[in-house]
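One letter stands for each residue in the lines below.
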Protein chains: 2
Amino acid sequence: MERVFVVGVGMTKVGRFFEKHAKELFAEALWKAIEDAGGLRPQAIVVGNMTSSVLMGQDSLGALVTDYSGLRGVPAFKVEAACGSGGAAIYTAFALVKSGVVDVVAAGGVEKLTEANVEVVTRALAQAADADFEVFYGATFTGLNAMLARLYKSLFGYTDEDLSYWPLKMHEYASYNPYAQLPRRTTLKEILESPLVADPIRLFHAAPIGDGAAVIILVRGEERARQVARALGRDVLVELAGVAMSTDSVDLSSRNDLLTMESTIRASREALKMAGVELKQVDYVELHDAFHVTAYASLEDLGFAPKGMAAKLYKEGRFQKGDRPEVNFSGGLKARGHPVGATGVYQAAEAVMQIRGDFPGYKASDPEVALTHNIGGISTIAAVSVFKRVR
Amino acid sequence: MERVFVVGVGMTKVGRFFEKHAKELFAEALWKAIEDAGGLRPQAIVVGNMTSSVLMGQDSLGALVTDYSGLRGVPAFKVEAACGSGGAAIYTAFALVKSGVVDVVAAGGVEKLTEANVEVVTRALAQAADADFEVFYGATFTGLNAMLARLYKSLFGYTDEDLSYWPLKMHEYASYNPYAQLPRRTTLKEILESPLVADPIRLFHAAPIGDGAAVIILVRGEERARQVARALGRDVLVELAGVAMSTDSVDLSSRNDLLTMESTIRASREALKMAGVELKQVDYVELHDAFHVTAYASLEDLGFAPKGMAAKLYKEGRFQKGDRPEVNFSGGLKARGHPVGATGVYQAAEAVMQIRGDFPGYKASDPEVALTHNIGGISTIAAVSVFKRVR
């Protein structure tokens, strides 16, 4: 069966765009991706999004953004897996093009969060948790993650300062990223003095609310990918070599272990297997750091650190420039930003550009294999993709 | 590339289930489908749904219903294409299994509408229309369709009675269907004296609000399908031979022709082409009759009647027992019911059972080729599937 390649990527800056509708953000990212693919237009569009139904009062989002982008008629629909919707869009798009249903497909994501007030957004994002068994009792999404952060600290003996090296680095990386929502450096002092959101999570420990859209264009077959690359003078092809998803309970109370994201473990294993890649061959990672504790748990469950050790290793300088893997040089959800249903596609676009060598921010050390990790809820749904350089 | 077969189907009755959560409805349909597939469990689950975000306050629906069904860990996510979500789930599931991402996949749909009051449901369903250019101005979904019905009547010279033969027959068919929400016969008098919802659409011209879930199980490869059939003593295989989707504008005002559903025309043509079937070979159809006018426009845009003629032909007895194609013997959205995101999957389950000869309601005349037509909005998104008997 023919392989799948990423031939174009496009992103908007992440930010507060009061003046732009979600369809305008999506069209911008889509046409950047089409241009980056030498003009190749998708025959189907999969749109990752979480909150359009609640915050925009709009369903049929797939058709809406497709029509606005000037591609009326092209098959399109929305996939929803909470904050993992972008990863689910990539998984779906991979299957559509690999199966031959279409030859060229766009996997995209878009989210528009900043028009609503903070209470409304907080409620909308809490819908990633269990409506009947968590949200009904007043749990917010930050509140649930704060419980995990508290457990992580107490089980493994960390201080708030120990856990703050992640956001410190993310802000540094984001300062180089023209697409980042928070492109500025910070200090441990600023992080530790920022307002408490849900003890022990402070404002600077959490990803911000933001708007944005990202799109990648996939094609089937090395020959087609090579044609595009040749026309653009690119000497590197990027294969989407493995995709996988897995699920867990929505409510945390029925998990085996609160700090083990079993769906992340399974999805990562499956995606690497499909790609024919071993974990130690992964050069670059973009992972889902919605909160500092999520970053550390992800490093551990992806297999890059023993349980409870990720924060210690990160503080000591692991996963940074020159290490293997290098992680989240985009600035991550923390500082590139987290336009929910688009985040997984941002990660993919960033991984592809790092492999091609044309990421316009903090550069990885010439990676050949990259892995992206996008989750919905607290890894209620996990989507992992593996990208490979092909010369 | 190997072909795709439907090896199991499962449905709940459509109705008002105050006592059941959407996850309970889904689990019931899923396990019926698994049992119907001789115990074969899916390796991925695609869940069509429109309103969970708004009416249940619940995202991550795919994981929620998968966990509740006892299949925690299995990849799952929601696809949303308004009332066409079920068709989009089938399209997605087809690609997942055809591509080899998984070997066995469940395409399902579930909707829970009856817990909310009628105003809330009306608003939720209006989200299939354009939030900014239609709903903002007070348009309901029935209101928009009423304008089309008025246009259809005036352009082609029909009376309300002329258009009422569709619901009349749908109620008759549904009276045989154990899964139908409205399994009782009606009369032209009752239809024409039923309350006006949006002039000229009366209560009995419109699909009801209902809860329900349906699931079909797809496998890749004739050999695997044959193994399942052999173990169950079934002599008929049903191939899912063609799938296609297309889109149109969300707002009606920017269409070329209000009564031509271009996305239906395109999706139908593409699905038949993929299946290698000509329109005249189609023996059986389940089409999307959200309103009487939708039924007639669908018959026309699918190519079974000239523009403006479907209501006349239907009144004269076409598309009924012994004709080709036979249409909507389930009772259709009108009387089987329309649990929005599940409807496209009900249609598929019904088409498969008609081909197998075990549909427990009004039986088609031994069809070999069946087509299902599911739309979101007013064919803003169209999904068409073609099923074929294989001996």
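Residues numbered from 1 in each chain as written. Chains lettered and ligands numbered in written order. Predicted model: local features only at pLDDT ≥ 70, side-chain atom pairs only at ≥ 80, totals over all residues. Heavy atoms only, no water.

Caption draft 1: Summary view of the relation of the copies chain B and chain A. Overlaying chain B with chain A gives an RMSD of 0.0 Å, the required rotation being 180° about an axis along which the chain moves by 0.0 Å. The transformation just described matches what one would write down for a two-fold rotation axis. Interface overlap between copies is the fraction of interface residues in one copy that are interface residues in the other; for chain B against chain A it reaches 100%, indicating a shared surface. (Least-squares fit on C-alpha atoms with pLDDT ≥ 70 in both. Contact = heavy atoms within 4.5 Å.)

Caption draft 2: Quick peek at the packing of helix α6 (residues 141-156) of chain A against helix α11 (residues 292-301) of chain A. Residues and elements named next belong to chain A. In the contact formed by α6 and α11, the axes pass within 9 Å of each other and the chain directions differ by 65°. α6 and α11 meet at a crossing whose hand is left-handed. Every residue of α11 that contacts α6 at Asn145, Leu148, Ala149 and Tyr152 is listed here: His292, Val293, Thr294, Tyr296 and Glu300. (Axes fitted to C-alpha atoms, helices over the stretch in contact; angles between N-to-C directions. Helix = DSSP H or I, 4+ residues; strand = E, 2+ residues; numbered from the N terminus. Left-handed = near helix turned anticlockwise from the far one by under 90°.)

Caption draft 3: Focus on the pairing of strand β2 (residues 44-48) of chain B. All names here are of chain B. Where burial is concerned, most of β2 is hidden: five out of the five residues are buried. Here β2 shows a buried face lined by Ala44, Val46 and Gly48 and a second buried face lined by Ile45 and Val47. Relative to strand β4 (residues 104-111), β2 runs parallel, the two being bridged by five bridges. From the neighbouring strand, Val47 faces β4, where its bridge partner is Gly108. As paired strands, β2 and strand β3 (residues 76-80) are joined by four bridges and run parallel to one another. Pairing of Val47 across the sheet is with Lys78, part of β3. (Buried < 20%, exposed > 50% of the residue type's maximum accessible area, 1.4 Å probe, protein only. Pairing = 2+ DSSP bridges.)

Caption draft 4: Representation of the interface of chain B and chain A in the model. Facing 60 residues of chain B, the contacting portion of chain A comprises 60 residues. The largest contributions to the chain B side of the interface with chain A come from Arg72, Glu80 and Gln127 of chain B, which together make up 14% of the buried area. There are two salt bridges connecting chain B and chain A. Between Arg72 of chain B and Asp248 of chain A there is a salt bridge, with the nearest N and O atoms lying 3.9 Å from each other. Run the count over chain B and chain A and you get 24 residue pairs in polar contact (both at pLDDT 80 or more). Secondary-structure elements contributing two or more residues to the side of chain B that touches chain A are α2 (52-56), α3 (61-68), β3, α4 (85-98), β8 (237-247) and α10 (262-275) of chain B. The element best represented in the side of chain B that touches chain A is α4 of chain B, accounting for seven residues. Among the residues making up the side of chain B that touches chain A, the classes are represented as 32 nonpolar, 15 polar and 13 charged. Pairing of strand β3 (residues 76-80) of chain A with β3 of chain B, which is carried by three bridges, proceeds in the antiparallel orientation. Residue pairing in the sheet places Glu80 of chain A in a bridge with Lys78 of chain B of β3 of chain B. (Buried area = accessible area lost by both parts, 1.4 Å probe. Salt bridge = Lys/Arg side-chain N within 4 Å of Asp/Glu carboxyl O. Polar contact = N/O pair within 3.5 Å; in protein donor to acceptor, adjacent residues only side chain to side chain. Nonpolar A, V, L, I, M, F, W, Y, C, P; charged D, E, K, R; others polar.)

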